[in-house]
Amino acid sequence: LYAVKARGRGCWQQFSHEMATALERRNSLEDDFRSALADPEQFFTLYQPVYAADGHTIVGAEALVRWRHPRFGILGPASFIDFAEDSGLIGRLGEIVLDEAACLLARSNLPWIAVNVSTVQLHAPDFAERVLRIIRAAGADPHRLQIEITESVLIEDSPDVARAVTQL
């Protein structure tokens, strides 16, 4: 089903050994991900600098989460964000990333750090309160944290999202 959806409408796909292997890997990764959330040291954040037009001055940074998987090594978000959202576990991962970014803001002179936030996170009724609690606990200036959201989230016209954005 996922293979057909990825290729577009009007297609068909015969189930193959490769698809079974990919599904087994995804299920295994999802189980490992659940375990990893209990040991947040498996996750770490890299910071991509954002430069001014002069090409030399750093004006901010974007937080990029990575997973140090015990068997597969360093995994980027494309390997785990989908099932983290599907399973409802994205909130905990988001808190780990926000906490790291807020702690870095508190101890550095970076002008700002941007953190990508999932649509699923924004729909949580207490999302804004959790973000603000993390920032306060780190002692960071909330004006230096940028929350990045997709435009499609704003088009949804969700009361939860509107409330979270207004609070933030």
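Our structure is the block above this text.
Residues numbered from 1 in each chain as written. Predicted model: local features only at pLDDT ≥ 70, side-chain atom pairs only at ≥ 80, totals over all residues. Heavy atoms only, no water.

Q: Mind showing me how you'd approach the nonpolar core here?
A: Most often, soluble globular proteins keep nonpolar side chains buried together rather than apart. In terms of nonpolar packing, the biggest core is built from 40 residues, with Phe33, Phe43 and Trp67 touching the most fellow members. At the level of elements, α2 (17-37), β2 (58-69), α3 (81-86), α4 (90-107), β4 (113-116), α6 (127-138) and α8 (159-167) are the ones that each hand at least two residues to this core. At nine residues, the largest contribution of residues to this core is made by α4. Here Phe33 is in contact with Phe43, Trp67, Phe80, Phe83, Ala84, Leu89 and Leu93, once residues within four sequence places are set aside. (Core = buried A, V, L, I, M, F, W, Y, C linked by side-chain atoms within 4.5 Å. Buried < 20%, exposed > 50% of the residue type's maximum accessible area, 1.4 Å probe, protein only. Helix = DSSP H or I, 4+ residues; strand = E, 2+ residues; numbered from the N terminus. Contact = heavy atoms within 4.5 Å.)

Q: What is the right way to read α6 from this model?
A: Residues spaced three or four apart along an α-helix face the same direction, because each turn holds 3.6 residues. End to end, α6 covers 17 Å across 12 residues, agreeing with the expected 16 Å (1.5 Å per residue, within 8%). For α6, the complete set of buried residues consists of Phe127, Ala128, Arg130, Val131, Ile134, Ile135 and Ala138. Mapping the buried residues of α6 onto a view down its axis gives an arc of 165°, with all of them on the same face. Along α6, exposed side chains directed more than 90 degrees from the buried face belong to Arg136 and Ala137. (Expected span 1.5 Å × (residues − 1). Arc of directions from axis to C-beta.)

Q: When you look at the pattern of salt bridges in this model, what are you seeing that I'm missing?
A: A side chain of one charge can pair with a side chain of the opposite charge when the charged atoms of the two come close. Scanning the model with the defined rule gives six salt bridges in all. Residue Arg71 is joined to Asp32 by a salt bridge in which the shortest nitrogen-to-oxygen separation is 2.7 Å. In this pair, Arg71 is assigned in the loop between β2 and β3 (73-75) and Asp32 in helix α2, connecting sequence segments 39 residues apart. One salt bridge connects Asp126 with Arg130, and the closest N-O pair in it is separated by 3.1 Å. For Asp126, a relative accessible area of 37% puts it in the partly exposed group. Look at the salt bridges and you will find they share partners, linking Arg92, Glu95, Asp126 and Arg130 into a network. (Salt bridge = Lys/Arg side-chain N within 4 Å of Asp/Glu carboxyl O.)

Q: Would you explain the packing of aromatic side chains in this entry?
A: Any pair of aromatic rings gets described here by the distance separating the centres and the angle formed by the planes. Following the criterion strictly, the structure yields seven aromatic pairs and no others. Considering the side-chain rings of Trp67 and Phe80, the 5.7 Å spacing of their centres and the 90° angle between planes classify their relative orientation as edge-to-face. With Trp67 in strand β2 and Phe80 in the loop between β3 and α3, the pair connects residues that are 13 residues apart, well separated along the chain. An identical accessibility class is assigned to Trp67 and Phe80; each is buried. The structure contains a cluster of three or more aromatic residues connected by ring pairs, namely Phe33, Phe43, Trp67, Phe80 and Phe83. (Phe/Tyr/Trp six-rings, centres within 6.5 Å; stacked < 30°, edge-to-face > 60°.)

Q: Can you help me understand the pairing of β4 in this one?
A: Within a regular strand, the side chains alternate between the two sheet faces. Across three bridges, the pairing between β2 and β4 is parallel. Pairing of Ala61 across the sheet is with Ile113, part of β4. In the sheet, β4 pairs with strand β5 (residues 145-148) via four bridges, with the strands oriented parallel. Within β5, the residue paired with Ala114 across the bridge is Gln146. (Pairing = 2+ DSSP bridges.)

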